[in-house]
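Fold and contact review
Each chain, written out:
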2 protein chains.
Amino acid sequence: MSKSEQLSARQKAHKAKMAKHKSKVDASIAAAQTERGIALLMTGNGKGKTSSAMGMVIRALGYEQKVGVVQFIKGAQDCGEGNFIRTHCPAVDFYQMGTGFTWNTQDIESDTKAAERTWEYAARMLSDEQYNLVVLDELTYMLGYQYLDKDKVINAIEKRPTEQSVVVTGRGGGRKLRAVMDTISDVKDIRHGYRHGLKARKGVDY
Amino acid sequence: MSKSEQLSARQKAHKAKMAKHKSKVDASIAAAQTERGIALLMTGNGKGKTSSAMGMVIRALGYEQKVGVVQFIKGAQDCGEGNFIRTHCPAVDFYQMGTGFTWNTQDIESDTKAAERTWEYAARMLSDEQYNLVVLDELTYMLGYQYLDKDKVINAIEKRPTEQSVVVTGRGGGRKLRAVMDTISDVKDIRHGYRHGLKARKGVDY
């Protein structure tokens, strides 16, 4: 086979492969006809859950949608997304729990109070149809530690306005929460820099 | 046991658990002493790879870092993150390949040219130490389809400035690319809305 024949054969095979892929994707898209807000869980041990939620914030803002962000746990430590949203996205309703990582406080009573106080912001957003997207960052830990009542939280997510999307992040999440989610991504930690000595990086990790 | 005794027992167990967790986290943090840019791969079939990279963009911007974003594949279709970055983040150097999804074009020659042209922007960023963060969105497909030379790409990522972080997204990625990555997250598709009929959602999926 000459070089141009090889190229032509490769092109043919490629076209066939792409056409097959396209028809599969087209079929899935055609079949998906329900339009409503999506409940999404970003879970797992790997890096990328909170940052994914933050990417969806700017996606929604790119269509001038109304966005609310509630960060459980975060607030005591510096974080890039917090700096950015406060400075550049005045239209976003943004609330951080502000007690620092829970394993630094280790006080079930004050943590429960902080979680309940923070939940009030989330609950208000989940019952307000003005919000197109509500991010509940690290919410799963509040359920795992029993700082918040699981049924109350799940009920609020289920009963939210039809057009509203909600993104929940954090490890775990539990069977009951998963049951009300439309999309679940489990971010597997295949490799993590800190295990071979790399310090958490400003602008990437926080 | 009285109710207050039960609470006290729960608190004790909780404190012990949290303290153990804290000492583990502290030990990992103390052990991680190397400060340099991180090479991160967000891969897997699940939802959240590109949005995670976009979240890191706003994290970096939250510290007024210099950011470059190159989106392979994207550009022909509307996308929220593109709208947002162009409108609200003039300091970000942003380039989209603009040929539309490759399974819509199915032409190996024009796709290769578009990929090469797009790669030039990426290569320039990867050799410029002014950039703190470079995002190469959906780059893996360019390698998988052999639109770009794998060795050239991997070499550019390896030889980038020490302080520069790079985030690569896309399914697959291959053994050679993975070998030069500090952190790898594999986003597993546990559940996806479109499989039970949910249309892709503006502000969440694109």
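1. Considering the pattern of salt bridges
Across all of its chains, the model carries 18 salt bridges over all chains by this definition. Here A:Asp189 makes a salt bridge to A:Arg195, at a shortest N to O gap of 2.8 Å.

2. Remarks on the environment of A:Leu61
Inspection of the secondary structure assignment puts A:Leu61 in helix H2 (residues 49-62). On the basis of relative accessible area, A:Leu61 is assigned to the buried category, the value being 10%. Considering only alpha carbons, one finds A:Leu61 and A:Asn132, 71 residues apart in sequence, at a separation of 9.8 Å. Leave out the neighbours within four places in its chain, and A:Leu61 touches A:Val67, A:Cys89, A:Val92 and B:Phe84.

3. Points about the interface of chain A and chain B
Taken together, the contact between chain A and chain B spans 83 residues of the former and 83 residues of the latter. Counting the surface lost from both chain A and chain B, the interface buries some 7,800 Å², and carbon and sulfur atoms represent 58% of this. At the boundary of chain A with chain B, the tally comes to six salt bridges. Ionic pairing is found between A:Glu163 and B:Arg201, a salt bridge with its closest N-O pair at 2.8 Å. Applying the counting criterion to the chain A and chain B interface returns 44 residue pairs in polar contact (both at pLDDT 80 or more). When contributions to the side of chain A that touches chain B are tallied by element, the ones reaching two or more residues are helix H1 (3-31), strand E1 (39-43), H2, helix H3 (80-88), helix H4 (102-105), helix H5 (108-126), helix H8 (174-179) and strand E6 (183-191) of chain A. Here the residues of the side of chain A that touches chain B sort into 32 nonpolar, 29 polar and 22 charged. Sheet analysis places E6(A) next to strand E6 (residues 183-191) of chain B, joined by seven bridges and oriented antiparallel. Across the sheet, residue A:Arg191 finds its bridge partner in E6(B), namely B:Ile184.

4. Examining helix H7 (residues 150-158) of chain B
Residues and elements named next belong to chain B. Within H7, the full set of buried residues consists of Val153, Ile154, Ala156 and Ile157. End-on view of H7: buried residues confined to an arc of 160°, all on one side of the axis. If you follow the buried residues of H7, they end up packed against helix H5 (108-126), strand E4 (133-137), helix H6 (139-144), strand E5 (165-169) and helix H8 (174-179).

Thresholds, definitions, all that
- Residues numbered from 1 in each chain as written.
- Chains lettered and ligands numbered in written order.
- Predicted model: local features only at pLDDT ≥ 70, side-chain atom pairs only at ≥ 80, totals over all residues.
- Heavy atoms only, no water.
- Salt bridge = Lys/Arg side-chain N within 4 Å of Asp/Glu carboxyl O.
- Helix = DSSP H or I, 4+ residues; strand = E, 2+ residues; numbered from the N terminus.
- Buried < 20%, exposed > 50% of the residue type's maximum accessible area, 1.4 Å probe, protein only.
- Contact = heavy atoms within 4.5 Å.
- Buried area = accessible area lost by both parts, 1.4 Å probe.
- Polar contact = N/O pair within 3.5 Å; in protein donor to acceptor, adjacent residues only side chain to side chain.
- Nonpolar A, V, L, I, M, F, W, Y, C, P; charged D, E, K, R; others polar.
- Pairing = 2+ DSSP bridges.
- Arc of directions from axis to C-beta.

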